[in-house]
Amino acid sequence: NAGVTQTPKFRILKIGQSMTLQCAQDMNHNYMYWYRQDPGMGLKLIYYSVGAGITDKGEVPNGYNVSRSTTEDFPLRLELAAPSQTSVYFCASSSIDRSSYNSPLHFGNGTRLTVT
Amino acid sequence: QQPVQSPQAVILREGEDAVINCSSSKALYSVHWYRQKHGEAPVFLMILLKGGEQKGHEKISASFNEKKQQSSLYLTASQLSYSGTYFCGTPKTGANNLFFGTGTRLTVIP
């Protein structure tokens with residue numbers, strides 16, 4: 001059972017380049033999330049999804065796009081990379097507890113992105 | 001919107017106790033706690049759903065005061081393995097979309 005898998009682990013981009021960060025989970029979780037974590041800082045929610053075909057913005061969505069065509073995959077797209085997007089990106093997933101709407105988040109190991 | 005944690009950092013000797021606080025200017029309906037070791041992903045510790053609820057995980061426990069809009073994490077008889085950054089998170093809507101606090105870096109020394 002792999003849990004949440006993120007690829008790549010590391011990436012260096014030049015300003016203006018594009019890339020897709022991949023995220024896949026094998027726990028059949030409906031909910032998936034993308035967070036970014038700047039050095040020494042907390043986690044900021046970029047986008048989240050409550051199921052295939054449904055996505056919504058988080059705190060810091062500008063400069064990013066997402067799609068959710070399957071339950072398993074939730075890729076994050078950077079169209080025009082900027083130095084401000086240098087960060088560690090974490091994907092997470094959770095099941096849904098219909099009685100409380102609160103469930104633990106399971107995080108992937110992260111993608112460390114540098115934009116120069 | 002983002003919860004505020006205090007203290008920002010704390011250094012303990014093995015066996016000492018610590019309290020980490022998480023407070024919000026808006027109503028809290030639930031609070032999640034996670035620990036992140038350096039260079040790793042955050043790991044779930046516990047969720048508190050109701051005001052007055054208390055939970056425990058090994059020698060780590062937490063309480064949730066709904067009226068005061070705050071939660072506290074208690075670490076007793078700390079061990080070296082407790083070192084890391086602790087985050088509280090609260091959902092904005094019913095979608096379990098957590099907004100995390102600023103983090104508290106805990107260092108346990110021998």
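Refer to the structure printed above.
The structure contained in this document is the topic of the report that follows. (Residues numbered from 1 in each chain as written. Chains lettered and ligands numbered in written order. Predicted model: local features only at pLDDT ≥ 70, side-chain atom pairs only at ≥ 80, totals over all residues. Heavy atoms only, no water.)

## Description of the overall build of chain B
Selection rule: Each helix corresponds to a stretch of at least 4 residues labelled H or I by DSSP, and each strand to a stretch of at least 2 residues labelled E; elements are numbered beginning at the N terminus. Each radius of gyration is computed over the set of C-alpha atoms, and the globule rule expresses the reference value as 2.2 Å times the number of residues to the power 0.38. Using a 1.4 Å probe on the protein chains alone, a residue whose accessible area is under 20% of its type maximum counts as buried, one over 50% counts as exposed, and one in between counts as partly exposed. Contact definition: two residues touch when any of their heavy atoms are within 4.5 Å. Only the protein chains shown count as cover for residues, and all accessible areas are computed by the Shrake-Rupley method using a 1.4 Å probe. His is not counted, nor are the chain ends; Lys and Arg add positive charge and Asp and Glu add negative charge. Lysine's charge is taken at NZ, arginine's at CZ, aspartate's at CG and glutamate's at CD.
The number of helices and strands found in chain B is zero helices and 11 strands. Reading the secondary structure of chain B in the N-to-C direction produces β-β-β-β-β-β-β-β-β-β-β. In terms of overall dimensions, chain B is globule-like: its C-alpha atoms have a radius of gyration of 13 Å, near the 13 Å expected for 110 residues. Overall, the C-alpha framework of chain B stretches about 40 × 30 × 20 Å when taken along its three principal axes. Buried positions account for 47% of the 110 residues belonging to chain B. Within chain B, contacts between residues separated by at least 24 positions form 55% of all contacts whose residues are at least 6 apart in sequence. For chain B, the computed accessible surface area is about 5,300 Å², with 50% contributed by carbon and sulfur atoms. Counting 11 positive and 7 negative side-chain charges, chain B places the centres of these two groups 8 Å from one another.

## Structural notes on the layout of surface pockets
Heads up, the condition is: Computed over the protein atoms alone on a 1 Å grid, cavities are sets of points where a 1.4 Å probe fits but cannot get out and pockets are open sets with protein on both sides within 12 Å along at least five of seven lines; a residue lines them when it has an atom within 4 Å of a point. Grid points are joined across faces, edges and corners, and a volume is the space filled by probe spheres set on the points. Gly is placed with the polar residues, together with every amino acid not listed as nonpolar (Ala, Val, Leu, Ile, Met, Phe, Trp, Tyr, Cys and Pro) or charged (Asp, Glu, Lys and Arg).
Considered as a void within the structure, the largest pocket measures approximately 880 Å³ in volume. Of all the elements in the fold, those that place two or more residues in the lining of the largest pocket are β9 (87–94) and β11 (111–115) of chain A together with β9 (84–91) and β11 (104–109) of chain B. A per-class count over the lining of the largest pocket returns eight nonpolar, 22 polar and seven charged.

## Concerning the packing of aromatic side chains
Rule in force here: Aromatic rings from Phe, Tyr and Trp, taking only the six-membered ring of Trp, are treated as a pair when their centres fall within 6.5 Å; an angle between ring planes under 30 degrees marks them as stacked, one over 60 as edge-to-face, and anything in between as tilted.
Taken as a whole and judged by the stated rule, the model has 10 aromatic pairs over all chains. On the basis of an interplanar angle of 70 degrees and a centroid distance of 5.3 Å, the ring pair of Tyr35 of chain A and Phe100 of chain B is categorised as edge-to-face. Of the two residues, Tyr35 of chain A sits in strand β4 (residues 31–37) while Phe100 of chain B sits in strand β10 (residues 98–100), which places them in two different chains. Taking relative accessible area as the criterion, Tyr35 of chain A reaches 0% and is therefore assigned buried. Among the aromatic residues, those joined into a ring-pair cluster are Tyr33, Tyr35, Phe90 and Phe107 of chain A together with Tyr34, Phe44, Phe87 and Phe100 of chain B.

## Overview of the state of the cysteines
Residues and elements named next belong to chain A. Condition: By disulfide we mean two sulfur atoms from cysteines, separated by a distance within 2.5 Å.
What the rule picks out here adds up to two disulfides over all chains. Residue Cys23 pairs covalently with Cys91 via a disulfide, S to S 1.9 Å. The chirality of the disulfide connecting Cys23 with Cys91 is left-handed, given an S-S dihedral of about -70 degrees. With Cys23 in strand β3 (residues 19–25) and Cys91 in strand β9, this residue pair connects regions lying 68 residues apart in the sequence. For Cys23, a relative accessible area of 2% gives the class buried.

## Some points on the pairing of strand β5 (residues 43–48) of chain B
Where we set the bar: When DSSP finds two or more bridges between a pair of strands, those strands are recorded as paired.
Sheet topology places strand β4 (residues 31–36) of chain B next to β5 of chain B; five bridges connect them, and they run antiparallel. Opposite Trp33 of chain B, over in β5 of chain B, you have Met46 of chain B as the bridge partner.

## So, the pattern of salt bridges
The following threshold applies: One side-chain nitrogen of Lys or Arg within 4 Å of one carboxyl oxygen of Asp or Glu is enough to make a salt bridge.
Counted by the stated rule, this structure contains two salt bridges over all chains. Between Arg36 of chain A and Asp38 of chain A there is a salt bridge whose closest N-O contact spans 2.8 Å.

## Regarding the interface of chain B and chain A
Which entries qualify depends on this criterion: Computed with a 1.4 Å rolling probe, the buried area is the accessible surface lost when two parts are put together, summed over both parts. Pairs of N or O atoms within 3.5 Å make up the polar contacts considered here, provided that, within protein, one atom can donate a hydrogen while the other can accept it, and that residues adjacent in sequence are counted only when both atoms are side-chain atoms.
Each partner contributes residues to the interface: chain B has 23 residues there, and chain A has 23 residues. Surface buried jointly by chain B and chain A totals about 1,800 Å² across both partners, of which 59% is contributed by carbon and sulfur atoms. At the boundary of chain B with chain A, the tally comes to zero salt bridges. At the boundary of chain B with chain A, the tally comes to four residue pairs in polar contact (both at pLDDT 80 or more). Elements represented by at least two residues in the side of chain B that touches chain A include exactly β4, β5, β9 and β10 of chain B.

## Description of the nonpolar core
Formally: Think of a nonpolar core as a cluster: buried Ala, Val, Leu, Ile, Met, Phe, Trp, Tyr and Cys residues, connected wherever their side-chain atoms sit within 4.5 Å.
One finds Trp33, Leu73, Leu75, Tyr86 and Leu106 of chain B to be the most contacted residues of the largest nonpolar core, which totals 21 residues. Those elements that place two or more of their residues in this core are β2 (9–13), β3 (18–23), β4, β5, β7 (60–65), β8 (70–75), β9 and β11 of chain B. Contacts of Leu73 of chain B, omitting those with residues within four sequence positions, involve Ala18, Val19, Ile20, Trp33, Leu45, Met46, Ile60, Ser61, Ala62 and Tyr86 of chain B. With 19 residues, the next largest nonpolar core counts Val4, Leu21, Tyr47 and Val115 of chain A among its residues.

## Thoughts on the side chain of Ser78 of chain B
All names here are of chain B. Inspection of the secondary structure puts Ser78 in the loop between β8 and β9. A distance of 2.9 Å separates the side chain of Ser78 from the backbone oxygen of Glu16, its partner in a polar contact. Once residues within four sequence positions are removed from consideration, Ser78 is found in contact with Leu12, Arg13, Glu14, Gly15, Glu16 and Val108.

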